[in-house]
Amino acid sequence: MSKNFNLDTIFHMAFTLFGAAVTVVSIYWFRIVPSVALAASPYFFPLIVGIGMTAIAACGVISSFWSTEIFTFQALRNKRFTGILVSIIAYAVAMKPIGFLLSTALFCAFSARILGEKKLILSIVFGIALSLGFWQLFAVNLGLVLPRGLDVLIWGK
Amino acid sequence: MIGSSFGLFFNGLAMASTPEMLLYAFIGAVMGTAVGVLPGLGPTATIALLFPVTMNASPLVSIVMLAGVYYGAQYGGSTTAILVNVPGEASSVVTAIDGYMMAKKGEAGLALSVAAIASFVAGVMGLIGLVLIAPPLAEFALAFGPPEYFALSVLAMVLIVGLSGRNIIKGLTAGLLGLLCALVGQDPISGYPRFTGGIFDLVGGIDVIVAAVGLFGISEVLINATAPGGSIYAKISRIYPTLAELKRIISPTMRSAVMGFFPGLVPGGSPAVASFLAYEVEKAFSRDKGMGSGAMEGVVAPEGANNANVSAAFVPLFTLGLPTCPPMALLLAVLTVHGLRPGPMLFQQQPDFLWTVIGSMFVGNVMCLVLNLPLIRIWARATSIPNRYLAPGIVVVCMIGAFSVRNSVFDVWLAVFFGVLGWTMRSAGYPLAPMLLAMIVGPMLERTFGQTYSMLNGITPIIHRPISMVMLMCALAYLAGLQIFRWYSIRRGAG
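Residues numbered from 1 in each chain as written. Chains lettered and ligands numbered in written order. Predicted model: local features only at pLDDT ≥ 70, side-chain atom pairs only at ≥ 80, totals over all residues. Heavy atoms only, no water.

Let's talk about the overall build of chain B
Then comes step 1: A tally of helices and strands in chain B yields 20 helices and 2 strands.
Then comes step 2: Whereas a compact globule of 495 residues would reach a radius of gyration of roughly 23 Å, chain B reaches 22 Å, a difference of no more than 12%.
Then comes step 3: Each principal axis of the C-alpha atoms in chain B carries an extent, and together these give about 65 × 65 × 50 Å.
Then comes step 4: Counting every position in chain B, which comprises 495 residues, the buried fraction comes to 61%.
Then comes step 5: For chain B, contacts bridging at least 24 residues in sequence account for 79% of all contacts bridging at least 6.
Then comes step 6: Charge separation in chain B, taken as the distance between the mean sites of 24 positive and 19 negative side-chain charges, equals 10 Å. (Helix = DSSP H or I, 4+ residues; strand = E, 2+ residues; numbered from the N terminus. Rg over C-alpha atoms; globule rule 2.2 N^0.38 Å. Buried < 20%, exposed > 50% of the residue type's maximum accessible area, 1.4 Å probe, protein only. Contact = heavy atoms within 4.5 Å. Lys, Arg positive; Asp, Glu negative; His and termini not counted. Charge placed at Lys NZ, Arg CZ, Asp CG, Glu CD.)

In structure tokens, the structure reads:
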């Protein structure tokens, strides 16, 4: 019966489990949270969507056995990809404690290096210039609030 | 009726010609052309990224600028497709077939100029269609109640799923995942918080802009990280077509406008679908013109169609409050943030707003033509920006866009999460458009489902209402037809 058991099957299985989890959670809360009518329950619609997701993804699991599509995640072995992925996550995490300016300068310099900029000085200049440029445009010109963190040491409160 | 529509349109055109409106239409057109030219940054991500800019602006100014981004991207998308065989937009994939062949024959400038001219003419024809169709459709939609809107949302979801990829199951899964994302946060009826996992920041729900920034912006950077760097700058010789060449493209342009407009009226009939359809139809009409080996008709058909399609996509947005593609979903989100609720009542309550936006679209198309014809050489140079400088810039703007929605770092983390999710789904063959559209249609679907259920004491009596019944039948027939077509294709392939 089974021709292929590949990443496609695993993805469909993951979505089936996810749909089942939503269904179970919805049933649990559906019984606990009081509501005036069936349709007024905050977990009635999620229950339907959860069941739908489980059913559709389960069909996907079955159909994937006959699928000829092969998906590989070769990018995960690529240093540029993992480097830029890690730097994006680190940037998001660092933005609050160290502020927009410093985190952006560091991220831009680092990611430019990862993506092929050979000259370190050029990467640093690019990082600082982009960080200041965006700060000027969004925070100063357009009046948006950006995370300050350690930036207060540079600009003051 | 028609006369009054055109009267209102000219009134809107006058209002759209104030210096402020012209400036924002110009900014939108320039930004759109730029993102169209640059592969890796589409109009969806750009509209999401520009969202913070619109926070301090009026809804009119915001929508004029963002609409400019959308149709500007259709103009710019052909540049890289023709010059370096790398489509700037999905809708320009077909343009690359003949456009790149023309460039190889030394006719890159001519290909770019006929693409811009066809885009302009078809875009304006699409606007005329919008002026003619939108008001009567809005009047018809006034008869819609919750059951009709529920059926319409279901039909929209089904059409989007069907047209967004070869695998229906994956499209449906992506759509349902989007619906589940839309369920996070307070229930629209009772206000009860759901699926928040005790995280206070999730009580307000997952913002569509944050999800779009991640799904379309960050995931694109991740995908391009492994792409080979550098780009080729093609030399451009003659730009303007001769009179004979102009005469040759008149009929294909008219056909492309028709082929682009009608798919734009239905959900899922994206510019990419329209350009493909128009190309196929043009192949039948221009058999002796050498389509596929560098014919002007092969450039005109898809480029005209994708612009007419953009104009048409505003019809369901303005009249039914229904987005038919991700950029429209974001425009709807922007309008909602500014306190406007697109739908049939908008034509009665905010006619000045609507007709000014429509008028500005005409002005924007003129601007795009002006930007694209004489500045072709400059846009072509933009393709030489290396990814090592472009990608960090895109990520930074993504982060600013996500943060600015609620001034929350949590939204930045969410955007990164959606970026990784988007990359994973794209790598596994799951389309992202149904997911984003489900996120925006989700609350309407849930609200109308609840209202319909309470109103009719169940969901099955919905079939006794003619409009909703027709819509649901269409959705079912479409899904069944797709599945039958797929089985037939597999059997024919096996045979």
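After that view of the structure, there is still more to cover.
A few points about the overall build of chain A
Then comes step 1: Per the secondary structure count, chain A includes 6 helices and 0 strands.
Then comes step 2: When burial is assessed residue by residue, chain A has 44% of its 157 residues classed as buried.
Then comes step 3: Sequence separation of at least 24 residues holds for 62% of the intrachain contacts in chain A that already meet a minimum separation of 6.
Then comes step 4: When the accessible surface of chain A is summed, it comes to about 8,500 Å², and 73% of that surface belongs to carbon and sulfur atoms. (Areas by Shrake-Rupley, 256 points an atom, 1.4 Å probe, with all protein chains shown as cover.)

Looking at helix α1 (residues 7-32) of chain A
Then comes step 1: Along its 26 residues, α1(A) runs 38 Å from first to last C-alpha, staying within 8% of the 38 Å computed at 1.5 Å per residue.
Then comes step 2: Among the residues of α1(A), Asp8(A), Thr9(A), Phe11(A), His12(A), Phe15(A), Thr16(A), Gly19(A), Val22(A), Thr23(A) and Ser26(A) are the ones counted as buried. (Expected span 1.5 Å × (residues − 1).)

Some remarks on the state of the cysteines
Then comes step 1: Within the structure shown, the criterion is met by 0 disulfides over all chains.
Then comes step 2: No disulfide involves Cys108(A); its nearest neighbouring cysteine sulfur is the one of Cys398(B), lying 12 Å away. (Disulfide = S-S within 2.5 Å.)

What to know about the environment of Tyr149(B)
Residue and element names in this part refer to chain B.
Then comes step 1: Note that Tyr149 resides in helix α7 (residues 146-163).
Then comes step 2: The buried category is assigned to Tyr149, whose relative accessible area is 15%.
Then comes step 3: For the pair formed by Tyr149 and Gly442, sequence separation is 293 residues and the distance between their alpha carbons is 12 Å.
Then comes step 4: For Tyr149, the residues in contact, after removing those within four places along its chain, are Ala141, Phe144, Leu320, Pro344, Met444 and Thr448.

Some words on the packing of aromatic side chains
Residue and element names in this part refer to chain A.
Then comes step 1: According to the stated counting rule, one finds 24 aromatic pairs over all chains in the structure shown.
Then comes step 2: Measuring from ring centre to ring centre gives 5.4 Å for Tyr28 and Trp29, while their planes differ by 85°; the resulting arrangement is edge-to-face.
Then comes step 3: By relative accessible area, which is 31% here, Trp29 ends up partly exposed. (Phe/Tyr/Trp six-rings, centres within 6.5 Å; stacked < 30°, edge-to-face > 60°.)

Let's talk about the interface of chain A and chain B
Then comes step 1: Residue-level contacts link 63 residues of chain A with 57 residues of chain B.
Then comes step 2: Buried area between chain A and chain B, both sides added, is near 5,200 Å², and the carbon and sulfur share of it is 81%.
Then comes step 3: The interface formed by chain A and chain B holds 2 salt bridges in total.
Then comes step 4: Linking chain A with chain B are 6 residue pairs in polar contact (both at pLDDT 80 or more), by the criterion used here.
Then comes step 5: Within the residue set of the side of chain A that touches chain B, elements represented by two or more residues are α1, α2 (44-64), α3 (79-98), α4 (100-114) and α5 (120-141) of chain A. (Buried area = accessible area lost by both parts, 1.4 Å probe. Salt bridge = Lys/Arg side-chain N within 4 Å of Asp/Glu carboxyl O. Polar contact = N/O pair within 3.5 Å; in protein donor to acceptor, adjacent residues only side chain to side chain.)

Examining the confidence of the model for chain B
Residues and elements named next belong to chain B.
Then comes step 1: On average, residues of chain B carry a pLDDT of 82, and 92% of them reach 70 or more.
Then comes step 2: Looking at the elements of chain B, mean pLDDT is at its lowest for helix α16 (residues 376-382), recorded as 72, and at its highest for helix α18 (residues 409-427), recorded as 93.
Then comes step 3: This prediction of the complex comes with two scores: 0.77 for pTM and 0.91 for ipTM. (pLDDT = per-residue confidence, 0-100.)

Describing the packing of α4(A) against helix α17 (residues 387-406) of chain B
Then comes step 1: The interhelical angle for the contact between α4(A) and α17(B), taken along N-to-C directions, is 150°, at an axis separation of 9 Å. The pairing of α4(A) with α17(B) is recorded here as roughly antiparallel in orientation. Here α4(A) runs over α17(B); the crossing is right-handed. In contact with Phe100(A), Thr104(A), Phe107(A), Cys108(A), Ser111(A) and Ala112(A) of α4(A), α17(B) contributes Arg388(B), Pro392(B), Val395(B), Val396(B) and Ile400(B). (Axes fitted to C-alpha atoms, helices over the stretch in contact; angles between N-to-C directions. Parallel < 35°, antiparallel > 145°, perpendicular 65-115°, else oblique. Left-handed = near helix turned anticlockwise from the far one by under 90°.)

Side note on unusual backbone geometry
Residue and element names in this part refer to chain B.
Then comes step 1: One non-glycine residue, Phe195, adopts positive backbone phi at about 50°.
Then comes step 2: Considering the arrangement of structural elements, one finds Phe195 in the loop between β2 (193-194) and α9 (208-224).
Then comes step 3: Classification of Phe195 by relative accessible area gives partly exposed; the value is 25%.
Then comes step 4: At Asn407, a residue that is not glycine, the phi angle is positive and equals roughly 50°.
Then comes step 5: Inspection of the secondary structure puts Asn407 in the loop between α17 and α18.

Section: the side chain of Ser103(A)
Residues and elements named next belong to chain A.
Then comes step 1: With respect to the element layout, Ser103 can be found in helix α4.
Then comes step 2: Side-chain polar atoms of Ser103 contact the backbone oxygen of Phe100, separated by 3.2 Å.
Then comes step 3: Not counting residues up to four positions away in its chain, the partners in contact with Ser103 are Tyr91, Ala94, Met95 and Ile98.

Some words on the packing of α2(A) against helix α19 (residues 433-456) of chain B
Then comes step 1: Interhelical geometry of α2(A) versus α19(B) gives an angle of 115° and a closest axis separation of 10 Å. The orientation of α2(A) relative to α19(B) falls into the category roughly perpendicular. Both α2(A) and α19(B) take part in a crossing whose hand is right-handed. Residues Phe44(A), Phe45(A), Pro46(A) and Ile48(A) of α2(A) pack against Leu445(B), Glu446(B), Phe449(B) and Tyr453(B) of α19(B).
Then comes step 2: Looking at side-chain class alone, the contact of α2(A) with α19(B) contains 7 nonpolar, no polar and 1 charged residues. (Nonpolar A, V, L, I, M, F, W, Y, C, P; charged D, E, K, R; others polar.)

Thoughts on the confidence of the model for chain A
Then comes step 1: Averaged over every residue, the pLDDT of chain A is 85; residues scoring 70 or more account for 90%.
Then comes step 2: Looking at the elements of chain A, mean pLDDT is at its lowest for helix α6 (residues 151-155) of chain A, recorded as 66, and at its highest for α4(A), recorded as 94.

Quick notes on the nonpolar core
Then comes step 1: Ranked by size, the top nonpolar core spans 188 residues in total, and within it Ile88(A), Phe100(A), Phe314(B), Met399(B), Phe418(B) and Met435(B) carry the most contacts.
Then comes step 2: With near-sequence residues (within four places) excluded, Ile88(A) lies in contact with Phe107(A), Ile218(B), Val221(B), Leu222(B), Val395(B), Met399(B) and Val416(B). (Core = buried A, V, L, I, M, F, W, Y, C linked by side-chain atoms within 4.5 Å.)

With respect to a nonpolar patch on the surface
Then comes step 1: Together, Val25(A), Tyr28(A), Trp29(A) and Ile32(A) line one region of the surface with nonpolar side chains, adding up to about 360 Å² of accessible area.
Then comes step 2: In this fold, Trp29(A) is placed in helix α1. (Patch = residues over 30% accessible without salt bridge, like charges linked within 9 Å, V, L, I, M, F, W, Y side chains within 5 Å.)

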